[in-house]
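Residue-level listing of the chains:
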Amino acid sequence: MTEQLRLMAVHAHPDDESSKGAATMAKYVSEGVDVLVATCTGGERGSILNPKLQGDPYIEEHIHEVRAKEMAEARDILGVKQEWLGFVDSGLPEGDPLPPLPDGCFALQNVEEAAEALVRLIREFRPHVVTTYDENGGYPHPDHIMTHKISMVAFEAAGDPSRYPEAGEPWQPLKLYYNQGFNRPRTQALHDALLERGMESPYGEWLERWHTMGRERTLTTYVPCGDFFEIRDKALIAHATQIDPDGGWFRVPLDLQREVWPTEEYELAKSLVGTSLPEDDLFAGIRNN
């Protein structure tokens, strides 16, 4: 592989790119890989989760603009490129029974039609590797599940000249991964390490109810990126409306994380090149072809 390697990370909302695979992206940027984040929605219906900013009338009235500015800051911290696909946030329905999703939102789009925007971006950027969410969305937010659906269609269609002929010259990515950074082995390892050191763990309740969160995933790929955890956290904190810098995300010291679990994990979903599992590189099987 003599040309520059390219990685596309497909995410549902601004902030997802900083909480899922951010250290991986920063690592690859440092190695000269061209990295593009495709953000499906503007996060318009996201709640203000940082208690320090709740009740701010400007933020509440201009949440779309605020989140776009947060995304720009996080993008610059990570050193990645970023494009908006232009869909409208579906929100996270709550209640029993769940209320209907709002008209026109991302999750209610026709999958084949919505995938065209991603096909167009794939053909323009020409990534060798694409990362996205599994069929459960990582967690069952309707926009995460829809992100999975359009990613699967786009991965298959982008290289087929008979599909979406108006969306640019065909390009076939070679590998597709699901983000699996929130996995039980990592969570258990960090939980145990904290308790062994006499520290409080934020993961106890997670582990107790893990069996209710869906089946265990197959981890195929462990990308060493501990040196970039600090950049990851800075990018996440840039999404100030979504992240409390004093919250649970940051209770595990970085040195402990690097010692106990210095990787980010992925599940190889599709590969058009030969590779051996487990991997330590999203471009395994591509670099030497």
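From a predicted model like this one, the values you see are computed outputs, not experimental measurements.

Focus on the environment of tryptophan 84
- Along the polypeptide, tryptophan 84 turns up in strand S3 (residues 81-87).
- Take tryptophan 84: its relative accessible area is 37%, and that puts it in the partly exposed class.
- Taking the C-alpha atoms as reference, tryptophan 84 lies 9.8 Å from leucine 121; in sequence the two are 37 residues apart.
- In this structure tryptophan 84 touches Pro14, Thr39, Thr41, Gly42, Ala68 and Met71, once residues within four positions along its chain are discounted.

Considerations on helix H4 (residues 63-78)
- For H4, with 16 residues, the first-to-last C-alpha span of 22 Å sits near the 22 Å given by 1.5 Å per residue.
- Those residues of H4 not exposed but buried are Ile63, Val66, Arg67, Glu70, Met71, Ala74 and Leu78. End-on view of H4: buried residues confined to an arc of 140 degrees, all on one side of the axis. Those residues of H4 that are exposed and angled more than 90 degrees off the buried face are Lys69 and Asp76.
- Buried residues along H4 sit in contact with helix H1 (16-19), helix H2 (22-30), strand S2 (34-41), helix H3 (57-61), S3 and helix H9 (229-238).
- One or two residues past the end of H4 sits glycine 79, with phi positive at roughly 80 degrees.

Let's talk about the packing of aromatic side chains
- Counted by the stated rule, this structure contains 5 aromatic pairs.
- Measuring from centroid to centroid gives 6.4 Å for phenylalanine 182 and tryptophan 206, while their planes differ by 75 degrees, and the two rings are edge-to-face. Linking phenylalanine 182 in the loop between strand S5 (175-179) and helix H7 (184-196) with tryptophan 206 in helix H8 (residues 204-208), this pair joins segments that are 24 residues apart in sequence.
- We classify tryptophan 206 as partly exposed; its relative accessible area is 30%.
- Here tyrosine 203 and tryptophan 206 contribute two aromatic rings whose centre-to-centre distance is 5.6 Å and whose plane-to-plane angle is 55 degrees, an arrangement assigned as tilted.
- Feature note: the residues Phe182, Tyr203 and Trp206 constitute an aromatic cluster, connected by ring pairs.
- The ring of tyrosine 28 carries the charged tip of lysine 27 above its face, separated from the ring centre by 5.9 Å.
- In this structure, arginine 232 packs its charged tip against the face of phenylalanine 229, placed 4.3 Å from the ring centre.

Regarding a nonpolar patch on the surface
- A cluster of nonpolar side chains, Phe182, Trp206 and Trp249, forms an exposed patch at the surface whose accessible area comes to about 290 Å².
- One can find tryptophan 249 in the loop between H9 and helix H10 (254-260).
- With relative accessibility at 41%, the residue tryptophan 249 sits in the partly exposed group.

Considerations on unusual backbone geometry
- A cis geometry characterises the amide bond from leucine 277 onward to proline 278, with omega recorded as 0 degrees.
- In this structure, proline 278 sits in the segment after strand S7 (263-271).
- A positive phi angle, near 50 degrees, is found at tyrosine 164, a position not held by glycine.
- Examined against the element boundaries, tyrosine 164 turns out to sit in the loop between helix H6 (142-157) and S5.
- Note on tyrosine 164: relative accessible area 13%, which makes it buried.

Digging into the packing of helix H5 (residues 111-125) against H6
- Where H5 contacts H6, the two axes come as close as 8 Å, and the packing angle between them is 60 degrees. In terms of orientation, H5 lies oblique with respect to H6. For the pair H5 and H6, the crossing hand works out as right-handed. On H6, the residues touching Val111, Glu112, Ala114, Ala115, Leu118, Val119, Ile122 and Arg123 of H5 are Met146, Lys149, Ile150, Ser151, Val153, Ala154 and Ala157.
- Class assignment for the residues of the contact of H5 with H6 results in 11 nonpolar, 1 polar and 3 charged.

Some thoughts on the side chain of threonine 263
- If you trace the backbone, threonine 263 turns up in strand S7.
- Within the structure, the side chain of threonine 263 is placed 2.4 Å from the side chain of glutamate 265, a separation counted as a polar contact.
- Other than its neighbours up to four places away in sequence, threonine 263 contacts Tyr222, Val223, Pro224, Cys225 and Phe229.

Looking at the sheet that holds S5
- Spatially, the 7 strands line up as an open sheet ordered S3-S2-S1-S4-S5-S7-S6, and their pairing is mixed. Every interior strand has two partners, whereas the edge strands, S3 and strand S6 (221-224), have only one. Taking each pair of neighbouring strands and ignoring which way they run, the sheet shows an average axis angle of 30 degrees.
- Relative to S7, S6 runs antiparallel, the two sharing 4 bridges. When the bridges of S7 are listed, proline 224 appears paired with threonine 263.

Calculation notes
Every chain is numbered independently, its residues counted from 1 as its sequence is written. Under the rules for a predicted model, residues below a pLDDT of 70 receive no local features and side-chain atom pairs below 80 are neither given nor counted, while totals for whole chains, interfaces and linings still include all residues. Hydrogens and water are ignored here; the side-chain numbers use all heavy atoms of the structure. Here a helix means four or more residues in a row that DSSP labels H or I, a strand means two or more in a row labelled E, and each is numbered from the N terminus. Each residue gets one of three labels from its accessible area relative to the maximum for its type: buried under 20%, exposed over 50%, partly exposed in between, using a 1.4 Å probe on protein chains only. The contact criterion used is simple: two residues touch if any of their non-hydrogen atoms lie within 4.5 Å. An expected span of 1.5 Å times one less than the residue number is assigned to each helix. Here, the arc refers to the directions that run from the helix axis to the C-beta atoms. Aromatic pairs are defined between Phe, Tyr and Trp rings, using the six-membered ring for Trp, whenever the two ring centres lie within 6.5 Å; interplanar angles under 30 degrees are classed as stacked, those over 60 as edge-to-face, and all others as tilted. To sit over a ring, a charge needs its Lys NZ or Arg CZ within 6 Å of the ring centre and within 35 degrees of the ring normal. Residues enter patches when they are more than 30% accessible in relative terms and free of salt bridges; like-charged ones are connected within 9 Å and nonpolar ones (Val, Leu, Ile, Met, Phe, Trp, Tyr) within 5 Å. Using a 1.4 Å probe, the Shrake-Rupley method yields the accessible areas, and only the shown protein chains count as cover for residues. For this analysis, a salt bridge means a side-chain nitrogen from Lys or Arg found within 4 Å of a carboxyl oxygen belonging to Asp or Glu. Orientation is described by lines fitted to C-alpha atoms, with helices fitted over the stretch in contact, and by angles between N-to-C directions that extend from 0 to 180 degrees. Here is the rule for angles: anything less than 35 degrees is roughly parallel, anything more than 145 is roughly antiparallel, 65 through 115 is roughly perpendicular, and the remaining ranges are oblique. For any helix crossing, the convention is left-handed if the near helix is rotated counterclockwise from the far helix by under a right angle, and right-handed if that rotation is clockwise. Under the grouping applied here, Gly and all other residues not named as nonpolar or charged are polar, the nonpolar ones being Ala, Val, Leu, Ile, Met, Phe, Trp, Tyr, Cys and Pro and the charged ones Asp, Glu, Lys and Arg. Identification of polar contacts relies on pairs of N or O atoms within 3.5 Å, with a donor-acceptor requirement for protein atoms, meaning one able to donate a hydrogen and the other able to accept it, and with residues adjacent in sequence counted only if both atoms are side-chain atoms. DSSP bridges decide pairing: two strands pair if at least two such bridges lie between them.

Spatial relationships are all this shows, so hold off on functional conclusions.
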